[in-house]
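Inside the fold
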Amino acid sequence: MRIDLHTHSNISDGTDSPQGLIAAAVAAGLDVIGLADHDTFDGIDIARKQAEIEGIELVAGIEISAQYQGTSVHLLGYGCDQEDAPLLAELARIREARDNRVPRICEKLTELGLPLAVSQVQAQARNATSLGRPHVADAMIAAGYVADRQEAFDRYLQGPARVRRYQVELSQGIELIHQAGGAAVIAHPWGRSAKEVLSAAALASLVAETGLEGIEVEHQDHDEPARRQLRRLAAELGLIATGASDYHGRGKKNHELGCNLTSPEAYRELQQRMTARAEARAAWRR
Ligand code: AMP
Ligand code: FE
Ligand code: FE
Ligand code: ZN
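Quick notes on the rules
- Residues numbered from 1 in each chain as written.
- Chains lettered and ligands numbered in written order.
- Predicted model: local features only at pLDDT ≥ 70, side-chain atom pairs only at ≥ 80, totals over all residues.
- Heavy atoms only, no water.
- Salt bridge = Lys/Arg side-chain N within 4 Å of Asp/Glu carboxyl O.
- Buried < 20%, exposed > 50% of the residue type's maximum accessible area, 1.4 Å probe, protein only.
- Helix = DSSP H or I, 4+ residues; strand = E, 2+ residues; numbered from the N terminus.
- Polar contact = N/O pair within 3.5 Å; in protein donor to acceptor, adjacent residues only side chain to side chain.
- Contact = heavy atoms within 4.5 Å.
- Donors = N, O, S within 2.8 Å, 3.2 Å for Na, K, Ca; no water.
- Near = heavy atom within 4 Å.
- Arc of directions from axis to C-beta.
- Tetrahedral: all angles 85-135°; square planar, octahedral: opposite > 155°, others 65-115°.
- Axes fitted to C-alpha atoms, helices over the stretch in contact; angles between N-to-C directions.
- Parallel < 35°, antiparallel > 145°, perpendicular 65-115°, else oblique.
- Nonpolar A, V, L, I, M, F, W, Y, C, P; charged D, E, K, R; others polar.

**With respect to the pattern of salt bridges**
For the coordinates displayed, the defined rule picks out 12 salt bridges. Linking Arg-227 and Glu-218 is a salt bridge whose minimum nitrogen-to-oxygen distance equals 3.2 Å. In this pair, the class of Arg-227 matches that of Glu-218, namely buried. Residue Arg-231 pairs with Glu-224 through a salt bridge whose shortest N-O separation is 3.4 Å. Given the relative accessible area of 34%, Arg-231 is considered partly exposed. Looking at Glu-224, the relative accessible area reads 40%, which means it is partly exposed. Sharing partners across several salt bridges, the network here consists of Glu-218, Glu-224, Arg-227 and Arg-231.

This is how it looks when you write it as structure tokens:
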């Protein structure tokens, strides 16, 4: 069983359409694929339809922009009710902050001598309902300012053209996922900035306070020592250890589909927790 639980389509900042993503998953020999676009469910229904046609299992996911102690943390939700009003309201708020950030980034780039208009970014975003810095990067590539997304981030988007935006508090995000009948997994907890705030003690208190289900362990942002420590930590805290490519199509190098996998045992456990959350939600609504 090849299970890759965290990927992106061009409904957020991936480059494959939801249908194209499923075709790529089949080509990569995956049995199960989780679509977890940033702050939107808009790709799920199309992906599910295509997955049924191609005979592959789709897990409905989402990657929510959250923050913990002022630092950006990505939160994966699996099996949420896509019609859940409080969750949808929060996602709309986050996407509005994403939209509002784009003109401010364009202004900063223009001041830095790289004139860029919002319309140029929108032209790159095409199918996306969740606008992100990778779309700004694509517009910068099209304008000939940088060679690829990596250079755009390294030189500008996480440097002089960085603009902060609203993100939901991590514990509130976990609660929203649970109330929507889903299971919560922290994405790449020790990648980039999050490592500084998500200590073993912080993770332990999150488990105790929120009932967090899992952490993403096998991820390209984690080197082998980090993975070893996270595996041990997950076992100690009773967390499900997942693995995924965080595939973004052509948008991210070295993140090919299936480059990291979730074990069948971990996936079975996640399915059980998703079922339990969905049943709890149904009982609560009755
Ligand atoms: P945003 O969602 O607008 O805050 O932008 C963050 C997204 O940009 C992440 O989800 C990554 O997919 C992507 N990203 C971050 N750093 C890089 C990079 N160096 N190269 C390509 N994509 C990146
Ligand atoms: Fe992304
Ligand atoms: Fe992420
Ligand atoms: Zn991701």
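**Side note on the side chain of Asn-260**
On the secondary structure map, Asn-260 appears in the loop between strand 8 (240–243) and helix 11 (264–285). A relative accessible area of 5% means that Asn-260 is categorised as buried. Polar contacts involving the side chain of Asn-260 include one to the side chain of Arg-227, which spans 2.9 Å. Within the structure, Asn-260 has its side chain in polar contact with the backbone oxygen of Ala-244 (distance 3.2 Å).

**Comments concerning the side chain of Thr-7**
Considering the arrangement of structural elements, one finds Thr-7 in strand 1 (residues 3–7). A polar contact is formed between the side chain of Thr-7 and the backbone oxygen of Gly-34, at a distance of 2.9 Å. Setting aside residues up to four positions removed in sequence, Thr-7 forms contacts with Leu-21, Ile-33, Gly-34, Leu-35, Ala-36, Asp-37, Ser-245, Tyr-247 and Leu-257.

**What about the coordination of the iron ion (ligand 3)?**
Tetrahedral coordination by four donors puts the ideal angle at the metal at 109.5 degrees, and octahedral coordination by six puts it at 90 or 180 degrees. The protein atoms that coordinate the iron ion (ligand 3) are Glu-63 (OE), His-74 (ND1) and His-188 (NE2), at distances of 2.1 to 2.2 Å. Expressed as a motif, the donor residue spacing for the iron ion (ligand 3) is E-x10-H-x113-H.

**Quick look at the site of ligand 1**
Looking at ligand 1, there are 16 residues lining it, with His-38, Arg-98, Arg-101, Arg-133 and His-248 nearest. Arg-133 places a polar main-chain atom, nitrogen or oxygen, 2.8 Å from an oxygen atom of ligand 1. Sorting the residues of the shell around ligand 1 by element identifies helix 3 (85–111), helix 5 (133–142) and helix 6 (149–157) as the ones contributing at least two each. Here the shell around ligand 1 takes three residues from helix 6, the largest share from any one element.

**Regarding unusual backbone geometry**
Notably, Arg-126 is not glycine yet its phi reads approximately 35°, a positive angle. With respect to the helices and strands, Arg-126 occurs in the loop between helix 4 (118–125) and helix 5. The phi torsion at His-188 lies on the positive side, around 25°, for a residue other than glycine.

**Some thoughts on helix 2 (residues 44–54)**
Where helix 2 is concerned, the buried positions are Ile-44, Ala-47, Gln-50 and Ala-51. Buried positions in helix 2, seen along its axis, are confined to an arc of 130° and lie on one side of it. Those residues of helix 2 that are exposed and aimed more than 90 degrees away from the buried face are Lys-49, Glu-52 and Ile-53. Where helix 2 is buried, its residues contact helix 1 (18–27), strand 2 (32–35) and strand 3 (57–68).

**Describing the coordination of the iron ion (ligand 2)**
Surrounding the iron ion (ligand 2) are the protein donor atoms Asp-13 (OD), Asp-13 (OD), His-38 (NE2) and His-248 (NE2), at 2.1 to 2.8 Å. Relative to the metal, the six donor atoms surrounding the iron ion (ligand 2) lie at angles of 50 to 150°, and the coordination shape comes out irregular. Counting residues between consecutive donors of the iron ion (ligand 2) along the chain gives the motif D-x24-H-x209-H.

**So, the packing of helix 5 against helix 6**
Interhelical geometry of helix 5 versus helix 6 gives an angle of 105° and a closest axis separation of 9 Å. As far as their axial angle goes, helix 6 and helix 5 are roughly perpendicular. Taken together, the residues of helix 6 that come into contact with helix 5 (itself represented by Arg-133, Pro-134, Val-136, Ala-137, Asp-138, Met-140 and Ile-141) are Arg-149, Ala-152, Phe-153, Tyr-156 and Leu-157. Taken together, the residues that form the contact of helix 5 with helix 6 break down as nine nonpolar, no polar and three charged.

What is shown is where atoms sit, not what they do.
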